[in-house]
Amino acid sequence: MMNFKKIIIWTGALGVVLAGAPGAQADVVRKKDGTEIKGLKIKWFPSRQEYQVDGVDGTMVSVAADDVESLEVSKPAEFDKAAQACAAKQYEVAIPLLEELITRYARLQWDGRASELLANAYMGKGDFKKAAQIMSGIMEGTARNLIPDEQFGLYWAALGGAQMNAVLKQSLTAAIGGESRSLVALALVKRGDMNKADGKRDDALLDYLRAILMYNDVVSVQPEALYKGVILLDEMRHPRADDLRKRLMSSYPDSSYARKLGG
Amino acid sequence: MVTKKLYKMGQWAVCRLATGCAVILAAASASAADEQAETQAELRFASELVKARFPDYAQKAVDRLIAKYPGAKAEAAKVRVEVLTANGKFEEAEAFLKTLPPNTPETMVMRLALGDQYYAWQRMKDAQRIYDDFFKQFPKGPPAEVARLYGESAYKFSQMLVLSGDFIGAVDAYRRVLTCPLNSSDIERRVKTELAELELRVAEMPGITPEKKKEVLADAIKQCNEVQWKGTDLWFAKTVVILCHVHLVNGNKDLARKAITDYMPMLVEVDNLLKENGEQQLSPMAECKFLLGSLLEEEGRLKIKDAATQPEAFKLLGQAMGQLYTVSQKYPSSTWAPEARRRADGIADLVEGPPYNKGPIKRPESNNNQMVSEQLKQARMSFQNNDFKTAAQKYLDVLGLTLDFSGVPRTVGELARCYIEINDAPYARAMTEFLSERFCQTTNHYEEAGNALMQVAALYEERRATMKAQAVYDKLFADYADHTKVPPLMFRLGEVALRNTNTVEALPYYNRIIENYPKARVYPEALSRVAYVMTLQGNYSNSIPYLTNYIAQVFGGPEMVTSRLRLADAYRSSEMTVMALNEYSRLIKMIVQDGAKYSQTPEDTVRVNRALESAQYSKAQCYSRLREPTNQVAFYQQKAIEGYEGFLKEFPKSEMAPAALGAMGTLNYLLNKADEAGKCFDRLIKEYPNSEQAKNTVFVRADALMAMNEKDKAVKVYGEMLNNPKAFNPTQFLRAGRVLLDAKEYQVSKGLFSEAMKAPEAAVVQAATVGYAQSLGGLREFDAAIDVYTNFLSKNAKSGYTIEINLALSRAYAELAKKLMPDLKAAKPYFDKSYAAMGKVRQYAREPDKLVEADYEMALIQLMQDEKKQAMASLVKILDFADYSNIKVRPHVENAVEAALPLMKELERYQDMMDVCELYLKQFPKGRLVNKARQGRDDAKSRLTAGR
């Protein structure tokens, strides 16, 4: 009984120390068996395919990569710096910072976020090929169902910019045949863009309309699909342009696409 | 042993075959399942496209599906019918249905769907024909396999007939429904109740024969009794109301009252049950109590007049008040509530007032808010269900209660929309005007009222009542100028007009935004659009200030690049070549140094690259156009060549590359560098063999010279075409002929058109013949021109050139007549022919510019005939009635002013002369006659002063 009380007091004290220490944020490894290991720092050892959690008391716990469900690693200060540089279009500043982060935080959560940002930076620079390469690297290392739609969007945009149309078409076809309705809708809009750029207006319109009519539950894609449908119909002088315009204005009046149409 | 082995092998083979078959079958069925799933998904999509009014694309989707899976043709038939009917091609749809096997359930379903479409297109007779044909197939009732379809169709058809006002037909349809097994007592009782209700309506119809009335009422009672036998529920309660009405129709008020009072315990039971389920709005109790109250009131009001029966009357009126107040207090959402309240208050007023003075009567507290909100709910439900007549009545009830509630403008707007839907134009207009005027001075209803007005206008637009929609928008812009949605709305209307290429209509919308809403989000876009419209109208120089202002509003992005390109193009088109050159140079530098700044997405990058391509080409072109100082022209031409070279290096695949090479070749000729020129044209033929330019370098040279403003040299080169006509095609001759006709080089244009007339295509021949005759006219060979024109008209009576030719014919005859003047007798036949041709112009022309042109030409002919007063009248007609805002009309108006001023002076109509001059200066502040107009105004003024 006495021992148990002591443990509680000791753990509580450690908690206070951790919480009180400036900048002492605990990194966490969540294992597949439901347990968590907290520590001051998590390290990745590629040769062993293991994580190592350095405890506050100097202990080191190794966890096999296969046993890990997820990680929670404190955000490196350079990440925000790089993000700010990207926002200010200072890509020359952002790119080295991000590349360094990707190496330093390989398999430590922030490599993925930094890669995404890096791809964005290269896109901003107009180097779409490099952006596509980075995105492809991220996606290859991740299970398909864990890739968020935004990453697909970025990847497709990069492929389009790099004019890697065959790869883009293949990736879009795979997404359209997939099960995620939100991804299908997004892919339809992107395929519409591709068809439009190729001068296949009818195909493009059918893609946009398919996204609008058959995936109207995918709210995130609707404004873009409607907007692009309106623009294309306007170009084709099709009388139904106004129907879609009204739909965009009334259903998504606050979207950036409605604003683009003067709403 | 061997046998055993063979047997084993055989077994194994059979197993393998079986396994193989299973695998093949599984694969085949998996692939068939995929095909089936895809087919169904595509057909659903096509159906959705039809519903979204894209039948053209639905057809495309179906065509592609059938091309991929030919077996899907049969399944696609339903969508095909949908597509055809959505396009109004009913005959085609019917013909198509005839090709399908008759009497199969699928064909029946499709035919009935066609009937539904007829109904949707308000072709009730055709819908009825389809449905009747269907029912006629089963005179003794439907067989089991189509019983469900039969019953559902009969029910749907009955609803169509009710909505069309054919209650007798609807009764028959309902009776058909009852011939089918309905498989549910609840549904059966509902259908019977609805049938009884309908029969009651038939009995109440004016002009119904007594026999029919008796028959339907007897059947209604029978249906009610059958319903009542099977339970005490909503249908039971409804039949009580129906029976009560049946007694009333038969003139038996006592029985009606008795029916309600006798059934009251059961009605209360049903009412409580519905209340518990939260469905009190369905309860017929309110109607029963209202009916009872009304009957009691009626009797009470009769008896109060007689002193002997007054005590009983007070009792009856008291009971009536009780029932009616209950309806208004306990059933505020029912249709009867507002009327019940009015009636109850009316009774209270009667009893309290003289001569009875039985007051004061305690009236329940009036709870308008609750009643308004409940009634509004009901009204909106009817509105959403497209039952606009009922909705309008309910909205009126609400607005009759009060005008002081939140949401009142929306309510008035919805009422106006109901009237539009039921085609009650005067009431719709009255409500719209009320809505606009009543709330425009308020602060709390201002935005809501503006929104409601917009919805009214939108409905008019939807119904293609453009003038009415415009009238509502005008009211909105006048009364709600500060409404937040007015600027985007103006912008949208501008866009709609622009899409229809009606620049004259679009321009005022954009200009209003620019003048009145500089802080609106659409302000920069309005600037951009005005510049665009100016460009479309050929007013390039006027687009420059708008583009400059627009550029100041744009924050980065590809718009910055494209807008700068537009500005440079505007300078170039306005012949402000140096300004254009500077702007192109700035733009190229901007993109080369900082291109990434303007491209966030791949689409942006494409746009920016295109802008660079265009800017580099146009910059070189600008150099080729520079003519001052003359001693520098060769230097500029060399710079142009360098520019084109740079352009070709960077954009070798550009669509403009062949033209650039052609221009380089021509510039080298101009610089007397024949070898270099030859190399350019050789390169053109070698590198772009399929380009139009490579096929004919002479034409390219002439075109390039025109682009460089070297008109004289271009005319010479075009003329060279006639030396070797086989090298050119008729379209090229036609194009060259037109250029030279515009340049008034009639002799050469005549030859070029003559070559173009050898074309095999009728359209080219027609255009070339007209050009040929115009060239003859230009050469003043009017007799020959007239021959060509008349010959042309005799062969092409319905040609698109009829108006143009008659205008030219009229001019040609007038010129011949003029030659014979002053011998009016000799000239008259020609003048007559001239008028006749002009009459044809007026007969066929619809465009305002053509009509004004005809008036102007008429004035000129009248002047030739020395009929000055008539000529004056023709000109004044133009000046008074022409649409000055129409860009195509304005040149003719200027011509009319030019012709009218000397005539007015000669006829001493100085006041008119002054008015015309002032009008001109106002309408054409930068026009070509500004000096003449100022002089004319001053001259007229001084003469008027001297005259006084």
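A. Broad picture of the overall build of chain A. Tallying secondary structure elements over chain A gives 12 helices and six strands in all. When the 263 residues of chain A are sorted by exposure, 44% land in the buried category. Considering only contacts within chain A whose residues lie at least 6 apart along the sequence, 47% involve residues at least 24 apart. Only carbon and sulfur atoms are counted for the fraction: they give 54% of the accessible area of chain A, which is about 13,800 Å².

B. The arrangement of the overall build of chain B in detail. The helix and strand tally for chain B stands at 45 helices and zero strands. Considering only intrachain contacts with a sequence separation of at least 6, the fraction spanning at least 24 residues in chain B is 55%. Of the accessible surface of chain B, which amounts to about 48,900 Å², a share of 53% is contributed by carbon and sulfur atoms.

C. Quick look at the sheet that holds strand β4 (residues 50-54) of chain A. All names here are of chain A. Strand order in the open sheet formed by three strands is β3-β4-β5, and the pairing between neighbours is antiparallel. Each edge of the open sheet is held by one strand with a lone partner, namely β3 (41-45) and β5 (60-64). Averaged over neighbouring strand pairs, the angle between their axes works out to 25 degrees when direction is ignored. As paired strands, β3 and β4 are joined by five bridges and run antiparallel to one another.

D. Quick look at unusual backbone geometry. Residue and element names in this part refer to chain B. Here the residue pair Pro354 and Pro355 is connected by a cis peptide bond, since its omega of 5 degrees sits within 30 degrees of zero. By the secondary structure assignment, Pro355 is in the loop between α15 (337-352) and α16 (368-384). Backbone torsion omega between Met821 and Pro822 reads 10 degrees, so that peptide bond is classified as cis. Secondary-structure assignment places Pro822 in the loop between α39 (802-820) and α40 (824-844).

E. Representation of helix α11 (residues 234-249) of chain B in the model. Residues and elements named next belong to chain B. With 16 residues, α11 should cover 22 Å at 1.5 Å per step; its first-to-last C-alpha distance of 23 Å lies within 8% of that length. Taken across its 16 residues, α11 has 14 buried, putting it largely inside the fold. Downstream of α11 by one or two residues, Gly251 has phi in the positive range, about 80 degrees.

F. Representation of the sheet that holds strand β2 (residues 36-39) of chain A within the structure. All names here are of chain A. Strand order in this open sheet of three strands is β2-β1-β6, and the pairing throughout is antiparallel. In this open sheet, the two strands that pair with only one neighbour each are β2 and β6 (68-72). Strand after strand, the sheet turns through a mean of 15 degrees between neighbouring axes, direction not considered. Pairing of strand β1 (residues 27-31) with β6, which is carried by four bridges, proceeds in the antiparallel orientation. If you follow Arg30 over to β6, its bridge partner there is Ser70.

G. Representation of the nonpolar core within the structure. In this structure, B:Leu476 and B:Phe477 are the most contacted members of the largest nonpolar core, which totals 112 residues. With nine residues, helix α20 (residues 446-462) of chain B is the largest single contributor of residues to this core. If we ignore the near neighbours within four places in the chain, the residues touching B:Leu476 are B:Gly450, B:Leu453, B:Met454, B:Ala481, B:Val486 and B:Leu489. In this structure, A:Tyr51, A:Leu71, A:Phe79 and A:Phe152 belong to the second largest nonpolar core, which totals 99 residues.

H. Representation of the interface of chain A and chain B in the model. On the chain B side, the residues contacting the 32 residues of chain A number 33 residues. When chain A packs against chain B, the two sides together hide about 2,700 Å² of surface, and 56% of this comes from carbon and sulfur. Looking at the side of chain A facing chain B, the largest losses of area belong to A:Leu206, A:Leu213 and A:Arg240, adding up to 20% of the total buried there. Counting the contacts that link chain A with chain B gives four salt bridges.

I. Highlighting helix α22 (residues 486-499) of chain B. Under the 1.5 Å per step criterion, the end-to-end length of α22(B) is 20 Å for 14 residues, consistent within 8% with the ideal 20 Å. For α22(B), the buried fraction is high: 12 of the 14 residues fall into the buried class. The set of residues buried in α22(B) consists of B:Val486, B:Pro487, B:Leu489, B:Met490, B:Phe491, B:Arg492, B:Leu493, B:Gly494, B:Glu495, B:Ala497, B:Leu498 and B:Arg499. The elements touched by buried residues of α22(B) are α10 (222-235) and α11 (241-251) of chain A together with α20, α21 (466-479), α23 (503-516) and α24 (523-536) of chain B.

J. The arrangement of the pattern of salt bridges in detail. Residues and elements named next belong to chain A. Scanning the entire structure with this criterion turns up 84 salt bridges over all chains. Taking the shortest distance from any N to any O, the salt bridge between Glu50 and Arg48 comes out at 3.0 Å. When its relative accessible area of 38% is taken as the criterion, Arg48 is described as partly exposed. Between Lys196 and Glu235 there is a salt bridge, with the nearest N and O atoms lying 3.4 Å from each other. Of the two residues, Lys196 sits in helix α8 (residues 181-197) while Glu235 sits in helix α10, which places them 39 residues apart along the sequence. We classify Glu235 as partly exposed; its relative accessible area is 39%.

K. Up close: the packing of aromatic side chains. Throughout the structure, instances matching the rule amount to 33 aromatic pairs over all chains. Here A:Phe152 and A:Trp156 contribute two aromatic rings whose centre-to-centre distance is 5.4 Å and whose plane-to-plane angle is 40 degrees, an arrangement assigned as tilted. One end of the pair, A:Phe152, and the other, A:Trp156, are both in helix α6 (residues 149-161), four residues apart, so they sit about a helical turn from each other. For A:Phe152, a relative accessible area of 2% corresponds to the buried category. For A:Trp156, a relative accessible area of 2% corresponds to the buried category. Three or more aromatic residues joined by ring pairs form one cluster here, namely B:Tyr131, B:Phe134, B:Phe135, B:Phe138, B:Tyr150 and B:Phe157. A cation over an aromatic ring shows up here: A:Arg107 above the ring of A:Trp44, its NZ or CZ 4.5 Å from the ring centre. For B:Arg80, the ring lying beneath its charged end belongs to B:Phe96, and the centroid distance is 4.4 Å.

L. Spatial organisation of the pairing of β5(A). Residue and element names in this part refer to chain A. Where β4 lies against β5, five bridges are found, and the strand directions are antiparallel. Within β5, the position partnered with Val53 by the bridge is Val61. The hairpin turn running from β4 into β5, its antiparallel successor, is five residues long, and Gly58 in that turn takes a positive phi close to 90 degrees.

Rules and cut-offs
- Residues numbered from 1 in each chain as written.
- Chains lettered and ligands numbered in written order.
- Predicted model: local features only at pLDDT ≥ 70, side-chain atom pairs only at ≥ 80, totals over all residues.
- Heavy atoms only, no water.
- Helix = DSSP H or I, 4+ residues; strand = E, 2+ residues; numbered from the N terminus.
- Buried < 20%, exposed > 50% of the residue type's maximum accessible area, 1.4 Å probe, protein only.
- Contact = heavy atoms within 4.5 Å.
- Areas by Shrake-Rupley, 256 points an atom, 1.4 Å probe, with all protein chains shown as cover.
- Pairing = 2+ DSSP bridges.
- Axes fitted to C-alpha atoms, helices over the stretch in contact; angles between N-to-C directions.
- Expected span 1.5 Å × (residues − 1).
- Core = buried A, V, L, I, M, F, W, Y, C linked by side-chain atoms within 4.5 Å.
- Buried area = accessible area lost by both parts, 1.4 Å probe.
- Salt bridge = Lys/Arg side-chain N within 4 Å of Asp/Glu carboxyl O.
- Phe/Tyr/Trp six-rings, centres within 6.5 Å; stacked < 30°, edge-to-face > 60°.
- Lys NZ or Arg CZ within 6 Å of the ring centre and 35° of its normal.

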